[in-house]
Amino acid sequence: MVTFGSHSIDIRTADKSAAWRAPSQPPPLSLYVHFPWCARKCPYCDFNSHAQADGELEAAQLRSRYLQALREDLESALPAVWGRTVRSVFIGGGTPSLMTGEEVDGLLCDIRALLPLAPDCEITLEANPGTMEAQRFRDFRAAGVNRLSLGIQSFDDDQLTRLGRIHDGRQAVRAAEQAGQHFERFNLDLMWALPGQTVDQALEDLQRALELTPPHLSLYQLTIEPNTVFAKFPPPLPDEDLAFEMQQRLQERASRAGFGHYEVSAYAQPGQTCVHNLNYWTFGDYLGIGAGAHSKLTGADGVVRQERFSRPESYLNAAGARRFISREHRVPASELPFEFMLNALRLTEGVPAALFAERTGLGLSAISRPLDAAEARGLIEADPTRIRATPLGLRFLSDLQSLFLPEPVTP
Ligand SMILES: C[S@@+](CC[C@H](N)C(=O)[O-])C[C@H]1O[C@@H](n2cnc3c(N)ncnc32)[C@H](O)[C@@H]1O
Ligand code: SF4
């Protein structure tokens, strides 16, 4: 049983795989590389991230073993992506900016030696303002990283303390300025609906970000995730109405500053959308290497999902036996419509209707019933050429997405 919000997918759902046809060409391919350590764990975060080892020497030795394991992981994954060109690489975490420039250079050399990268391949690295030095950013750029994503979260010192961040507002500004000096393309992550935050405070954070002229912004509503410190000791968050007002005002402000709002949380200046994330949202393929990384790969027999061993120690132990994958399964054709819509509906412009068949290998008739139901409720635009949520559909996105869940089998 797979749970999605208040819904569950019964894995015994009918598999209409007879209707599945391999796409004439495989979807675009991206590479995700996971780095699982951080300076310390933030109380709201449920990503696969762990406080790094105490001593610098021990941390450096672990990184060295990890980089070796990543190379072996990629080598053993090559048959699954043979001959395919990689459009984007995303080095995420955790806090990959804990790696030295030399380590990132070694990692990218390994990747280039093993995989064909497109000439204009987007290569993003996630950085935390508290771990940055100007020289390190310069070295990342020289190693081939051409897009930086900075986890600012807020510029307000009190909020940053509450969020358990290792940086203050001054460091956040400095890091963004350095990002702008060394990278033409960079993103700032901000969170809103923070503990006790007012609309004006959220707008003030956005204003300070805009003054740093980022080409891309990610504005995430703080969510309380299970098994985090915030789930155990919940801070007082703005209520639903206040959060909705905040979201509207942030969207207006970003749009007045020339940002296109292209996904639930993503905003970009013209030509600056994130290739890597767009590939997820348009149901492209991705190979994920590193601890806990997920892959989605389309082959002649269907769509396969893989998961790597999650805890860094288990992943490093698995490297000895060259067995990195802890779980692998073929997605039943009956679940592909939901998986596609879960992603595509996040895009404010939606996707061309023809993309559904291209990416899922199923005819559009597979979703005609839920599409009609969504249209009747005003959640989907009545446009036969595009699949696109209405403003109401975007507001109640999980209700809309759940319409595409597979029908349970009647016993
Ligand atoms: C995986 S983190 C990596 C970035 C980097 N480690 C950092 O925090 O600076 C990516 C982004 O997810 C967002 N994020 C993490 N936990 C979140 C939560 N519970 N609610 C909303 N956004 C969250 C943060 O904005 C963060 O920058
Ligand atoms: S630094 Fe980033 S990845 Fe690490 S714990 Fe904090 S939010 Fe999560």
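Residues numbered from 1 in each chain as written. Chains lettered and ligands numbered in written order. Predicted model: local features only at pLDDT ≥ 70, side-chain atom pairs only at ≥ 80, totals over all residues.

Considerations on the site of ligand 2
Here is the rule: We call a residue near a molecule or strand when its C-beta atom, built from the backbone, sits within 6 Å of it. Gly is placed with the polar residues, together with every amino acid not listed as nonpolar (Ala, Val, Leu, Ile, Met, Phe, Trp, Tyr, Cys and Pro) or charged (Asp, Glu, Lys and Arg).
The full set of residues close to ligand 2 is Cys38, Lys41, Cys42, Cys45, Phe47, Ser49, Gly93, Gly94, Thr95, Asn128 and Gly151. Grouping the amino acids of the shell around ligand 2 by side-chain chemistry returns 4 nonpolar, 6 polar and 1 charged.

Quick word on the site of ligand 1
Basically, it comes down to this: Labels follow the DSSP assignment, with helices taken as runs of H or I lasting at least four residues and strands as runs of E lasting at least two, numbered in each case from the N terminus.
Not every one of the 16 residues close to ligand 1 is listed here, only the nearest: Tyr44, Asn128, Gly151, Asp189 and Tyr220. At the level of elements, β8 (147–153) and β9 (185–192) are the ones that each hand at least two residues to the shell around ligand 1. Of the residues contributing to the shell around ligand 1, the split by class is 7 nonpolar, 6 polar and 3 charged.

Quick look at helix α11 (residues 336–344)
The test is simple: Burial in this document is a count-based property: other C-beta atoms within 10 Å of a residue's C-beta are tallied, and the residue is buried at 20 or more, exposed at 12 or fewer, or partly exposed in between, with C-beta positions derived from the backbone. By the convention adopted here, residues make contact when the C-beta atoms placed from their backbones lie within 7 Å.
Buried residues dominate α11, accounting for 7 of its 9 residues. Buried residues of α11: Leu336, Pro337, Phe338, Phe340, Met341, Asn343 and Ala344, and no others. Looking at the buried residues of α11, the elements they touch are α9 (275–281), β15 (302–308), β17 (351–352), α12 (354–360), β18 (386–387) and α15 (397–402).

Observations regarding the nonpolar core
To keep things clear, this is the line we draw: Core membership is restricted to buried Ala, Val, Leu, Ile, Met, Phe, Trp, Tyr and Cys residues, and these are joined into a nonpolar core through C-beta atoms within 7 Å. Each domain span listed reflects an automatic or database assignment of domains.
Residues Val33, Val89, Leu150, Leu190 and Trp192 are the most contacted members of the largest nonpolar core, which totals 104 residues. Here this core spans two domains, since at least three of its residues come from each of domain 1 (2–10 + 15–20 + 335–402) and domain 2 (29–279). Residues in contact with valine 33, not counting those within four places in the same chain, are Leu70, Val89, Ile91, Leu107, Ile289 and Gly290.

Here we look at helix α1 (residues 56–77)
Rule in force here: In this scheme, a helix's expected span is set at 1.5 Å multiplied by one less than its residue total. Working definition: the arc comes from the directions between the helix axis and the C-beta atoms, pointing outward to the latter.
With 22 residues, α1 should reach 32 Å at 1.5 Å per residue; the first-to-last C-alpha distance of 31 Å fits that figure. Taken together, the buried positions of α1 are Tyr66, Ala69, Leu70, Asp73, Leu74 and Ala77. The arc that holds every buried residue of α1, seen down its axis, measures 135°, which confines them to one face. Exposed and facing more than 90 degrees away from the buried side of α1 are Leu57, Gln61, Ser64 and Arg65.

Some remarks on unusual backbone geometry
When glycine is set aside, most residues are seen to have a negative phi, and most peptide bonds are trans. With omega at 20°, the peptide bond leading from glycine 93 into glycine 94 counts as cis. The phi angle at threonine 213 is positive, at roughly 45°, despite the residue not being glycine. Positionally, threonine 213 belongs in the loop between α6 (199–210) and β10 (216–221). Its identity as a non-glycine residue notwithstanding, asparagine 227 has a phi of 60°, on the positive side. Residue class for asparagine 227 comes out exposed when judged on the 7 C-beta atoms lying within 10 Å of it.

Some words on the domain arrangement of the protein chain
Each domain of the protein chain was delimited in the assignment, giving domain 1 (2–10 + 15–20 + 335–402) and domain 2 (29–279). Inter-centroid distance (C-alpha atoms) of domain 1 to domain 2 is 28 Å. Every contact between the two is made by 6 residues of domain 1 and, on the other side, 4 residues of domain 2.

Some points on the environment of leucine 150
Position of leucine 150 relative to the elements: it lies in strand β8. Residues leucine 150 and glycine 180 lie 30 residues apart in sequence; the distance between their C-alpha atoms is 11 Å. If we skip the residues at most four places from it in the chain, leucine 150 touches Ala127, Pro129, Ala175, Ala176, Ala179, Phe186, Asn187, Leu188 and Asp189.

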